[in-house]
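An overview of the molecular structure
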Amino acid sequence: MKRVVITGAGTINALGHSVPETLEAMREGRCGIGQLEFRDVERLAIRIGGQVRGFEAEGRFNRQQMSLYDRFTQFTLTAAKEAIEQSGLEFHGDLSAKAGVVLGNSGGGMQTLDENYRSVYEDGKNRVHPFVVPKLMNNAAAGHVSMQYNLKGPSFTVSTACASSNHAMAQAFQMVRSGMSPAMITGGSESMLCFGGVKAWEGLRVMSKDACRPFSANRNGMVQGEGAGIFVFEEYDHARARGAEILCEVIGFAMSSDAADIVMPSKQGAARAISGALQDARIAASEVGYINAHGTGTAANDKTECAAVADVFGPHADSLMISSTKSMHGHLIGGTGAVELLACIMALRDGVVAPTIGYEEPDPECNLDVVPNEAREAKVDVALSNAFAFGGLNAVLALRKV
């Protein structure tokens, strides 16, 4: 089995338009959640979100590209450019033939859907743009990344709701580890912050009207975000041979299904994924220093996740740091695990653990060190990234400092 490392990272989200901007915001405990700005927002009960501000797509893409790129694809290509440039990889010859892209996404071209449903049903138009289908399909971003960077190997999109990015990155990890490919582009993206996207989520009654407060006793729901996180996963010897800078090593993953309820989380299912990741990485529970939690800010998710962590880690759970950066950038649904992986890299590489902001009241059912409100300097050698999705679908990644 090959060793797998991360040699490039890119992002755009409510905290920043790049990795340095995002990590600075995480260190400062800055909140990127604010009032939403789009058409018909006044018709919504939920009017806050982690919206990407100041993003001018017209300055990044030409007219022909704009006709093919939904906002989630624009975010993906923006983050991919940063990640691939940092890695220094150029895809030619055998590398081009074997390298691919696996991305996570849940909603697809939601902005395109919203605009065209409005055009047909509200404005009464009888025609839509001929590129609506290739613009809204979930695999559009993966296709465009593969074309942009000459990636001719395995390329596809994984859609497992809130665990999409972690499932995608796990597949990319497995492909590099098995020797199928020396490098894979992976991560995820989402852009559901439009009238139709938020209106649908309102129906679940899980959204907060004022703030995301994971693990706090007075938490009252999740807050949506948007953006992308993209990474270059590369075989260790391949990266060393070309003198690449290594951000961290991916050492294990596990996936599980609750097989219980379509929306309510299961402690047992989450615990199986966490313990499975430790087993796959061949590490002891005591080696883990930080967990980037799924931590949505809903009553059910937070207490279930804490219970699962306590079950797996036993007494060591009291020594763990566990935080939810969703409190800062919102819940990116299919793209959330990718942006959250940046917090794990920051903990391993820089020794800075991102905080859970908005924390106001201790909850006896979330009685762990949730790094409340302020970032913390700490030595972390191993970190986990949790993702637990509707459908009872769980995916956990394990990473190590190099």
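Provided above is the structure to which this section pertains.
With that settled, the discussion passes to the packing of aromatic side chains. Under the defined criterion, the tally for this structure stands at five aromatic pairs. Note on Phe173 and Phe253: the rings are 5.8 Å apart at their centroids and 90 degrees apart in plane angle, and the pair reads as edge-to-face. Within this pair, whereas Phe173 is found in helix α8 (residues 164-177), its partner Phe253 is found in strand β8 (residues 248-257), the two being separated by 80 residues in sequence. Ring geometry for Trp201 versus Phe390: centroids 5.9 Å apart, planes at 25 degrees, classification stacked. With Trp201 in helix α9 (residues 195-202) and Phe390 in the loop between β13 (382-389) and β14 (393-400), this residue pair connects regions lying 189 residues apart in the sequence. Owing to a relative accessible area of 29%, Phe390 belongs among the partly exposed residues under this scheme. The ring of Tyr236 carries Arg3 above its face, with NZ or CZ at 4.0 Å from the centroid.

To continue, consider the side chain of Thr160. Mapped onto the elements, Thr160 comes out in the loop between β5 (155-158) and α8. In terms of polar contacts, Thr160 uses its side chain to reach the side chain of His167, at 2.8 Å. Filtering out sequence-adjacent residues up to four positions away, Thr160 remains in contact with His167, Ala389 and Leu393.

On to the packing of helix α3 (residues 71-87) against helix α7 (residues 140-149), then. Taken N-terminus to C-terminus, the directions of α3 and α7 make an angle of 40 degrees; their axes are 9 Å apart at the nearest point. It follows that α3 is oblique to α7 by the angle criterion. Crossing of α3 over α7 shows right-handed handedness. For the pair α3 and α7, the contacting residues are Phe72, Thr73, Thr76, Leu77, Ala80, Lys81 and Ile84 in the first and Ala140, Ala141, His144, Val145, Gln148 and Tyr149 in the second. Split by residue class, the contact of α3 with α7 holds eight nonpolar, four polar and one charged.

A few words on unusual backbone geometry. Notably, Ile333 is not glycine yet its phi reads approximately 50 degrees, a positive angle. Its location among the elements puts Ile333 in the loop between α13 (326-329) and α14 (336-350). Here Ile333 falls in the buried class, since its relative accessible area comes to 1%. Phi at Val371 takes a positive value of approximately 50 degrees, unusual for a residue other than glycine. Turning to its location among the elements, Val371 is positioned in the loop between β11 (352-353) and β12 (376-377).

In this section: α8. End to end, α8 covers 20 Å across 14 residues, agreeing with the expected 20 Å (1.5 Å per residue, within 8%). Across the 14 residues of α8, 12 count as buried, placing the element largely inside the fold.

Another aspect to go through is the pattern of salt bridges. One pass over the full model with this rule turns up 25 salt bridges. Across the pair Lys81 and Glu85 runs a salt bridge whose closest N-O atoms are separated by 2.8 Å. Taken together, the positions of Lys81 and Glu85, both in helix α3 and four residues apart, correspond to about one turn of that helix. Residue classification places Lys81 among the partly exposed positions, given a relative accessible area of 44%. Judged by its relative accessible area of 55%, Glu85 is exposed. Asp280 is the salt-bridge partner of Arg177, the closest N and O atoms lying 3.1 Å from each other. Within this pair, whereas Arg177 is found in helix α8, its partner Asp280 is found in helix α11 (residues 267-281), the two being separated by 103 residues in sequence. Given a relative accessible area of 10%, Arg177 falls into the buried group. By relative accessible area, which is 26% here, Asp280 ends up partly exposed. A single network of salt bridges, built from pairs that share partners, joins Arg39, Asp40, Arg43, Asp114, Arg118 and Glu122.

Parameters at a glance
- Along each chain, numbering runs from 1 in the same order as the chain's sequence is written.
- With pLDDT at 70 or above as the cut-off, local features in this predicted model cover only qualifying residues; side-chain atom pairs require 80 or more to be listed or tallied, and sums for whole chains, interfaces and linings still use all residues.
- Remark: hydrogens and water are excluded; side-chain values derive from all non-hydrogen atoms of the structure.
- The aromatic pairing rule takes the rings of Phe, Tyr and Trp, using the six-membered ring of Trp, and pairs them if the centres are within 6.5 Å, calling planes under 30 degrees apart stacked, those over 60 edge-to-face and the rest tilted.
- Segments assigned H or I by DSSP are reported as helices when at least four residues long, segments assigned E as strands when at least two residues long, and all are numbered from the N terminus.
- Between buried and exposed lies partly exposed: a residue is buried under 20% and exposed over 50% of the maximum accessible area for its type, with that area taken using a 1.4 Å probe on protein chains only.
- Placement of a positive charge over a ring is assigned whenever Lys NZ or Arg CZ falls within 6 Å of the ring centre and within 35 degrees of the normal to the ring plane.
- Nitrogen and oxygen atoms within 3.5 Å of one another constitute a polar contact, given that in protein one can donate a hydrogen and the other can accept it, and given that sequence-neighbouring residues count only through two side-chain atoms.
- Contact between two residues is taken to exist if any of their heavy atoms lie within 4.5 Å; hydrogens are not considered.
- Orientation is described by lines fitted to C-alpha atoms, with helices fitted over the stretch in contact, and by angles between N-to-C directions that extend from 0 to 180 degrees.
- Put simply, angles under 35 degrees are roughly parallel, angles over 145 are roughly antiparallel, angles from 65 to 115 are roughly perpendicular, and the rest are oblique.
- Crossing handedness is read from the near helix: turned anticlockwise from the far helix by less than a right angle, it gives a left-handed crossing, and turned clockwise, a right-handed one.
- Ten residues, namely Ala, Val, Leu, Ile, Met, Phe, Trp, Tyr, Cys and Pro, are considered nonpolar, four, namely Asp, Glu, Lys and Arg, are considered charged, and the remaining ones, Gly among them, are considered polar.
- Multiply 1.5 Å by the residue count of a helix minus one, and that product is the helix's expected span.
- The salt bridge definition used is simple: a Lys or Arg side-chain nitrogen within 4 Å of an Asp or Glu carboxyl oxygen.

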